Structure formats: C-alpha cells, structure tokens
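Letter by letter, the chains look like this.
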Amino acid sequence: MITWKAKKHHIFIETPASFDFKVNLDYLQRNANECMYEIENNRITRVMKINHMRTLVRISEADRENIVVEFLADTEPILLEDKKAIVHDVCEWFDLERNLLPFYEMGWQDSLLKQAIERFYGLRVMGLNDLFEALCWGILGQQVSLPFAYTLKRQFVEKFGDSLDYNGKKYWIFPSFDKISRLTVEDLADIKMTKRKREYIIDVAKLMANGDLSKEKLLHLDDLKQAEEELVRIRGIGPWTANYVLMRCLRYQNAFPIDDVGLINAIKFVMGMDRKPTKEEIRALASQWENWESYATFYLWRMLY
DNA sequence: AGCCAGGAGATTT
DNA sequence: AAATCTCATGGC
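The name given to chain A in an unreviewed UniProt entry is DNA-3-methyladenine glycosylase II, with the source organism recorded as Oceanobacillus jeddahense. Listed in UniProt under the heading Sequence similarities (unreviewed entry), the comment for chain A reads: "Belongs to the alkylbase DNA glycosidase AlkA family." Quoted verbatim from the Catalytic activity (unreviewed entry) field of the UniProt record, the comment on chain A reads "Hydrolysis of alkylated DNA, releasing 3-methyladenine, 3-methylguanine, 7-methylguanine and 7-methyladenine."

As structure tokens, then:
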C-alpha cells in the first residue's frame, strides 16, 4: 500500500526506492507535441478526472521519497474519497505500487536489458489510465511515425476534447467516448488519419458507450490471453494494439507487442546488428523476460529516443 | 524522391 | 495457417 498524506492544498505521495521522478519525467518529455500535459521546470501540469470531477493538478518531486500533487484553478478536491481517487490515479499513472526488484534482478543478467536498466533505473511503465484514450492512441499510432501520431492526437483532442483554462493556457481533456460514439467518419474528416482509422475509433467509442467494452470488464478476466482475445475481436485492434493497451492501460506485466517496429529497432540498435532481428530471434531473447515482457519492452523503447 | 513508420484487415496461396 | 496485397499519409 502506498503511503500518502493530505495537506491543505497538496497531497504528498511516498515513492518506492526503485523510482526516479526525473527519469519518468524524461520519458514524458520525449515528444514536444504531447497535448495531454505540460511539463515546465520539472513540474507536470494536467487535468485528472476523478469521480466525475475534473481537477487541474501539478505534480512534482517533493524530495527523494515523495512526490507532491498540488491543485490549481480552484479545482481542489474536498472530499476524502476524491483525494483518495487522486492518489489512486497518480499511483496508477506512475505504476508506483509495482515492485521492480524482480525485474531488475532478472534484467541485470540479460545482455539486452542490462544497459537499459543502468541508464533508466527507476523508470516505470507510465500509464494511459483511460481505456478510450489508450485504444485511440494505439489506433492512431498504427503504421505512422511517432511524430505524426502525436500530430493526429493533438488534432483529435483539440477538435473534440474539452479543456480547462488556467493562466491563459488550455489543459486538455481527452474526448469522451460518449461524444465520439455519436459522430460519423465525415465529422472526423479534418483529422488527417485514414478513413479506416476514423471508423475504428468511432466503433470503439460505440462499444464503450454501449457498455460492451470497459476497463472493468477487461480487468475482471482471468489472464492476459483472454483479455487479448477480447480486444482482438474488435475491428481495428490487432495483436499489437491489444498488447500495447494491455501494457499501458490494463497493466499486464506480461503484455508484449512483439511485432512492434520500435522494439525491433531497439533490439537491432542495442545488439549492434546490421539487420532487423526476426520474430523468432526476438522470441528467443524474450524467453528470459518471462512475466516482465512489458517492462522489458518499455525500457528497450527508451534506448531509441 | 523514396522509404518507412510504436499495423490491421482482406484476399490469396 | 501463412504469405501477400491494400490502405494511406506525413516525416526524414
């Protein structure tokens, strides 16, 4: 259990030893076109949705063992349950409750992971807590470069999302599946993604609006395989997107987007290969990562950017 | 200019 | 089942 304490306008959350705020911050800053939060002076500012309320929070490192959440724009939660919800979401975002020591113990002896672990010690798989956002991000990222994916996301969010204003800046809230479920592909015509992707996103929004698809349902399945099957059944979601979402949103430790180009390139780079590794070679390397595939992938991705 | 990008679905073999 | 084709668009 995570220890936290609420002050008048702040909440302090204790972080584990194998956590490094700056390393995670670096990850969050990997693309300047990110639209869901702002980072300035080592402080993250973003909107968080809890119990049907929206709060603008600023998260920073208080000291080596604590991060602090400040509330801005008069959106401070008063009720204890709302404060608890904030703590819960922050913990989930930073994956604070996971014990990384077994991962490090394993990775330390793995020639591929060793460098990544040395370089990014304290890095967590940063979450995409919201299932609709995670699915959309996965779909948007299919077969396009990362910079372009960020552009698509920004267009989508700024056209269909809500925002809170603070000090003359807008802090965006990801479009709701309710809203998107009522749109047509023509409504999304301005967003320069393929028509197919527009269909996928609207269809996913409809499934969520119907209640046929939800984070809760996926979390209540027994294991990764079942959740993956459930997701892959949806048009537009293949093994890559399913595992990406299982990793970043549902937080299955063994989620593994094995076909990911980034992972392939990272392995090629770290091993100094002059060609891309085959799927079989990746499987062989990953056989040592059992039950830590998601973290292994995330750390290797970091070697590229 | 051409290749590729944090793929997926449909069609063919 | 596995290989191949088509989609589709910006970045480098």
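From this point, the narrative continues.
All chains considered together, the criterion is met by 19 salt bridges. Close ionic contact of Glu34 with Lys153 constitutes a salt bridge, the shortest N to O distance being 2.9 Å. Taken together, the residues Glu34 in the loop between helix 1 (21–28) and strand 3 (38–40) and Lys153 in helix 6 (residues 146–160) connect sequence positions 119 residues apart. Across the pair, Lys153 and Glu34 agree in class, each one buried. Ionic pairing is found between Glu61 and Arg64, a salt bridge with its closest N-O pair at 3.9 Å. Because the salt bridges share partners, they merge into one network encompassing Asp20, Glu61 and Arg64.

Moving on, we get to the protein's contact with DNA strand B. Looking at DNA strand B, there are 24 residues lining it, with Leu146, Gly236, Thr241, Tyr244 and Val261 nearest. The share of sugar and phosphate among atoms of DNA strand B within 4 Å of the protein is 58%. Taking Asp260, its side chain carries an N or O atom lying 3.3 Å from a sugar or linking oxygen of DNA strand B. Elements represented by at least two residues in the surface near DNA strand B include exactly helix 11 (239–248) and helix 12 (261–271).

Once that is clear, we can look at a nonpolar patch on the surface. Taken together, the side chains of Leu146, Phe269, Leu304 and Tyr305 make up a nonpolar region of the molecular surface, amounting to roughly 390 Å² of accessible area. By secondary structure assignment, the location of Leu146 is in helix 6.

By way of backbone hydrogen bonds, the strands of a sheet pair with one another, either parallel or antiparallel. One open sheet holds the six strands; their spatial order is 1-2-6-5-4-3, and the pairing between them is antiparallel. The sheet is open, and its two edges are formed by strand 1 (4–6) and strand 3, each paired on a single side. The sheet shows a mean angle of 25° between the axes of neighbouring strands, direction not considered. Sheet analysis places strand 1 next to strand 2 (residues 10–14), joined by three bridges and oriented antiparallel. Residue pairing in the sheet places Lys5 in a bridge with Phe12 of strand 2. Most of the contacts of helix 2 (residues 80–94) go to strand 4 (residues 43–50), to which it runs at about 125°, and overall it touches strand 1, strand 2, strand 4, strand 5 (53–63) and strand 6 (66–72).

Let's shift gears to the protein's contact with DNA strand C. Around DNA strand C, the structure places Phe148, Lys192, Thr194 and Arg196. Here the residues of the surface near DNA strand C sort into one nonpolar, one polar and two charged.

About the thresholds
Residues numbered from 1 in each chain as written. Chains lettered and ligands numbered in written order. Predicted model: local features only at pLDDT ≥ 70, side-chain atom pairs only at ≥ 80, totals over all residues. Heavy atoms only, no water. UniProt positions renumbered as here; feature names shortened; annotations may be inferred. Salt bridge = Lys/Arg side-chain N within 4 Å of Asp/Glu carboxyl O. Helix = DSSP H or I, 4+ residues; strand = E, 2+ residues; numbered from the N terminus. Buried < 20%, exposed > 50% of the residue type's maximum accessible area, 1.4 Å probe, protein only. Near = heavy atom within 4 Å. Polar contact = N/O pair within 3.5 Å; in protein donor to acceptor, adjacent residues only side chain to side chain. Patch = residues over 30% accessible without salt bridge, like charges linked within 9 Å, V, L, I, M, F, W, Y side chains within 5 Å. Areas by Shrake-Rupley, 256 points an atom, 1.4 Å probe, with all protein chains shown as cover. Pairing = 2+ DSSP bridges. Axes fitted to C-alpha atoms, helices over the stretch in contact; angles between N-to-C directions. Contact = heavy atoms within 4.5 Å. Nonpolar A, V, L, I, M, F, W, Y, C, P; charged D, E, K, R; others polar.

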